[in-house]
Amino acid sequence: MSYLPKSPWLVHYDASSCNGCDIEVLACLTPLYDVERFGVLNIGNPKHADIFVVTGSVNEQNKSVIKNIYDQMADPKVVVAVGACATSGGVFRECYNVQGGVDKVIPVDVYVPGCAARPEAIIDGVVQALGVLEEKYKNMGKVAK
Amino acid sequence: MGERTIIPFGPQHPVLPEPLHLDLILEDEKVVGAVPSIGFVHRGLEKLVEKRDFHEMVYVIERVCGICSFIHGQGYCQTVEGLMGIEIPERAKYLRTIWAELSRVHSHILWLGLMADAYGFESLFMHCWRVREKVLDIFEETTGGRVIFSVCRVGGVWKDIDNDTLKRIVTVLKDVEKEIKELSDVFIKDYTVQKRTRGVGVLTYQEAIDLGAVGPTLRGSGVPMDMRKLGYAAYGELDFEPIVEKDGDCYARTLVRVREVFQSLDLIYQAVNKIPDGEIATKVRGNPPAGEFISRLEQPRGQVIYYAKGNGTKYLDRFRVRTPTFANIAPLLKMLPGSDLADVPILALTIDPCISCTER
């Protein structure tokens, strides 16, 4: 990936994460890692976002919220599951209220490992998501410029 | 008198990384009521004590919350040690104190950044988080993790910090102190910032006590209560006074946190000077006996209560956490009615909510 064709905007939702991954997602935006210099913005509105970053596992209460945010995003969209909880349920896997990873509710394109996931890993995940996004553009009959 | 409207705030909201959900009842621009709904982060991890033995449980309890993870681990270990009657070595106590105070520094700087973001001061947010990274570097160097350390164990700690590293940490923290001083001037003296915080969301002395507020929310209303004064870990040997502000508004609570950053840095300097040499862990024999134990600690967000009940096996019967944010939700609901809709994010932030602690 030698260039970024577009500025990818991402929307972040904390499913039932312990905050560890969430503050690392925020840490990616701040001066040490500073992904904003590549045009990556963390925004609140799902309708503006290309990439959906989910941390934490799925439970009964937030299932519909995740689905709702995903449905509001315009195509093409990519889902990045950040951290052990979002990929499989992680340390909370056996808890009675945890149903498992985010892929139980919505299709996930990129899985980022780690507990908590390191900012480097999250950035790598987002960069891989851009590749998937480009692929999805092509499949829709459009080419990113 | 306008018509009443209900505006949902959250669960996905740009100002908070966490899912806090409030139904705000509005009359024109004024909030007249707020109904919280919870359960978005509930995992039920207290129940895991039945599946994980008391040593493994430390790592689950640390993940109650990723911001105050160390103090959760420390609180759990302290409770189980109390139940088993274990006395941990002096050096371990000091190391725990140092990590706990570093956690407080990083948590308060993080909060200051989020607060700046809440009133739209983006560059201040960035600066706060830039300074915070220096503290995280210390964590990474001494424990291996940036946010979750897994360094506490029942009976002591896993890792030692050698005395040269401790001295170097102090020099790094002196730099941090200088930078925080510059940044805190903006929070304390800036005219525009004060416009957003002064006189907003006043919680009086009596209300704070009646509603059971804890931590900076309580101390911002003039109540000098700090669990560190109980003297757990090494706090009994360090010299400090609870930080108190009288006004009870957002400005007072900001000021309490700013001053607590300097207090925590001072506590670390004191601890580094006094830390004794020796073992960092005692051997733990046997299982927690039948019985109960309660311990109270001061988290960045306030008082936290741990309860453990043993039954003689390696699995605890029950473990319970009462987190500070849970106690502070009642004061928040007191502050919200009468405020402007635009002030709601600031008010919600001012109690430093940690939803994943509250719902576990």
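In the block above lies the structure referred to throughout.
The residue numbering used here restarts from 1 in each chain and proceeds along that chain's sequence as written. As they are written, the chains are lettered A onward and the ligands numbered 1 onward, keeping that order. Residues qualify for local features only when their pLDDT is at least 70, as the model is predicted, and side-chain atom pairs are given and counted only at 80 or more; totals for whole chains, interfaces and linings, by contrast, use all residues. Side-chain measures here rest on the full set of heavy atoms in the structure, leaving out hydrogens and waters.

Draft legend 1. Main features of unusual backbone geometry. Residue and element names in this part refer to chain A. Look at the link from Asp 75 to Pro 76: it is a cis peptide, with omega at -10°. Considering the arrangement of structural elements, one finds Pro 76 in the loop between helix 2 (63-72) and strand 4 (78-82). Here Cys 115 and Ala 116 are connected by a cis peptide whose omega angle stands at -10°. Tracing the backbone shows Ala 116 in the loop between strand 5 (110-112) and helix 4 (119-139). Backbone geometry places Asp 34, a non-glycine residue, at a positive phi of 50°. Under the scheme used here, helices are H or I runs from DSSP no shorter than 4 residues and strands are E runs no shorter than 2 residues, and both carry numbers assigned from the N terminus. When you line up the elements, Asp 34 lands in the loop between helix 1 (20-29) and strand 2 (41-42). Relative accessible area decides the class of each residue, using a 1.4 Å probe on protein chains only: under 20% of the type maximum gives buried, over 50% gives exposed, and in between gives partly exposed. For Asp 34, a relative accessible area of 23% gives the class partly exposed.

Draft legend 2. Quick peek at the side chain of Thr 97 of chain B. As for its position among the elements, Thr 97 of chain B is in helix 3 (residues 90-118). For this analysis, residues touch if any pair of their heavy atoms sits within 4.5 Å. For Thr 97 of chain B, the residues in contact, after removing those within four places along its chain, are Ala 233, Ala 234, Tyr 235 and Leu 238 of chain B.

Draft legend 3. Representation of the interface of chain B and chain A in the model. In this complex, chain B contributes 39 residues to the contact, which on the side of chain A involves 39 residues. When two parts are brought into contact, each loses some accessible area as probed by a 1.4 Å sphere; the total of that loss over both is the buried area. Between chain B and chain A, the buried area comes to about 3300 Å², and carbon and sulfur atoms account for 62% of it. Any Lys or Arg side-chain nitrogen found within 4 Å of a carboxyl oxygen on Asp or Glu counts as a salt bridge. Applying the counting criterion to the chain B and chain A interface returns three salt bridges. One salt bridge connects Glu 24 of chain A with Arg 146 of chain B, and the closest N-O pair in it is separated by 2.8 Å. By the criterion applied in these results, polar contacts are pairs of N or O atoms within 3.5 Å in which, for protein atoms, one can donate a hydrogen and the other can accept it, and in which residues neighboring in sequence qualify only through two side-chain atoms. Run the count over chain B and chain A and you get 12 residue pairs in polar contact (both at pLDDT 80 or more). Those elements giving two or more residues to the side of chain B that touches chain A turn out to be helix 3 and helix 4 (122-143) of chain B. Per-element tally for the side of chain B that touches chain A: the top contributor is helix 4 of chain B, with seven residues. Each residue belonging to the side of chain B that touches chain A can be placed in one class, and the counts come to 21 nonpolar, seven polar and 11 charged. Each residue gets one label: Ala, Val, Leu, Ile, Met, Phe, Trp, Tyr, Cys and Pro are nonpolar, Asp, Glu, Lys and Arg are charged, and the others, such as Gly, are polar.

Draft legend 4. Molecular detail of the nonpolar core. Definition of nonpolar core: a set of buried residues of the types Ala, Val, Leu, Ile, Met, Phe, Trp, Tyr and Cys, connected through side-chain atoms within 4.5 Å. Counting 167 residues, the largest nonpolar core has Phe 52 of chain A together with Tyr 76 of chain B as the members making the most contacts within it. With 16 residues, the single largest contributor to this core is helix 3 of chain B.

Draft legend 5. Molecular detail of helix 2 of chain A. Residue and element names in this part refer to chain A. Three or more residues of helix 2 are buried, namely Val 65, Ile 66, Ile 69 and Tyr 70. End-on view of helix 2: buried residues confined to an arc of 130°, all on one side of the axis. Buried residues along helix 2 sit against strand 1 (9-14), strand 3 (51-55) and strand 4. An arc is given here, and it is the one of the directions from the helix axis to the C-beta atoms.

Draft legend 6. Focus on the pattern of salt bridges. Residue and element names in this part refer to chain B. Taken as a whole and judged by the stated rule, the model has 33 salt bridges over all chains. The partner of Asp 343 in a salt bridge is Arg 196, and the shortest N-O contact between them spans 3.6 Å. A residue pair is termed long-range when its members are at least 10 positions apart, and Asp 343 in the loop between helix 10 (324-335) and helix 11 (344-350) and Arg 196 in helix 6 (residues 191-197) qualify at 147 residues. The buried category is assigned to Asp 343, whose relative accessible area is 14%. A salt bridge links Glu 207 to Lys 334, with the nearest nitrogen and oxygen atoms 3.7 Å apart.

Draft legend 7. Summary view of the layout of surface pockets. All names here are of chain B. Put simply, the second largest pocket is a space of about 210 Å³. Surrounding the second largest pocket, 13 residues form its lining, Gln 78, Glu 81, Ile 86, Ile 88 and Lys 93 being those nearest its centre. Of all the secondary structure elements, the ones that give two or more residues to the lining of the second largest pocket are helix 2 (69-84) and helix 3. Of the residues forming the lining of the second largest pocket, the biggest block, four residues, is contributed by helix 2. Class assignment of the residues belonging to the lining of the second largest pocket gives a composition of four nonpolar, five polar and four charged. Think of a 1 Å grid over the protein atoms and nothing else: a 1.4 Å probe that fits but is trapped marks a cavity, an open set flanked by protein within 12 Å on at least five of seven lines marks a pocket, and residues with an atom within 4 Å of a point count as lining. Grid points are joined across faces, edges and corners, and a volume is the space filled by probe spheres set on the points.

Draft legend 8. Examining helix 4 of chain B more closely. One fewer than the residue count of a helix, multiplied by 1.5 Å, yields its expected span. When the terminal C-alpha atoms of helix 4 of chain B are compared, their 31 Å separation across 22 residues agrees well with the 32 Å that a helix rising 1.5 Å per residue should span. Backbone geometry just downstream of helix 4 of chain B places Gly 144 of chain B in the positive-phi region, at approximately 100°.

Draft legend 9. Quick peek at the side chain of Lys 77 of chain A. Residue and element names in this part refer to chain A. Inspection of the secondary structure assignment puts Lys 77 in the loop between helix 2 and strand 4. For this count, His and the chain ends are skipped, Lys and Arg are scored as positive, and Asp and Glu as negative. One buried charged side chain, Lys 77, makes no salt bridge at all; its nearest oppositely charged neighbour is Asp 75, positioned 4.1 Å away. Reaching out from Lys 77, the side chain makes a polar contact with the backbone oxygen of Met 73 at a distance of 3.2 Å. If sequence neighbours within four positions are ignored, Lys 77 has contacts with Asp 50, Tyr 70, Asp 71, Asp 109, Leu 133 and Lys 136.

Draft legend 10. Quick peek at the packing of helix 5 (residues 163-189) of chain B against helix 9 (residues 250-274) of chain B. Residue and element names in this part refer to chain B. Where helix 5 meets helix 9, the closest approach of the two axes is 10 Å, and the angle between their N-to-C directions is 165°. Regarding the angle of helix 5 to helix 9, the classification is roughly antiparallel. For the pair helix 5 and helix 9, the sense of crossing is left-handed. Contacts between helix 5 and helix 9 involve Leu 166, Val 170, Leu 173, Lys 174, Glu 177, Ile 180, Lys 181, Ser 184, Phe 187 and Ile 188 from the first element and Tyr 251, Thr 254, Leu 255, Val 258, Val 261, Phe 262, Leu 265, Ile 268, Tyr 269 and Val 272 from the second. A class-by-class count of the residues in the contact of helix 5 with helix 9 yields 15 nonpolar, two polar and three charged. Angles here are taken between N-to-C directions and fall from 0 to 180 degrees, while the axes themselves are lines fitted to C-alpha atoms, restricted in helices to the stretch in contact. Put simply, angles under 35 degrees are roughly parallel, angles over 145 are roughly antiparallel, angles from 65 to 115 are roughly perpendicular, and the rest are oblique. Crossings are sorted by hand: turned counterclockwise from the far helix by less than a right angle, the near helix makes the crossing left-handed, and turned clockwise it makes it right-handed.

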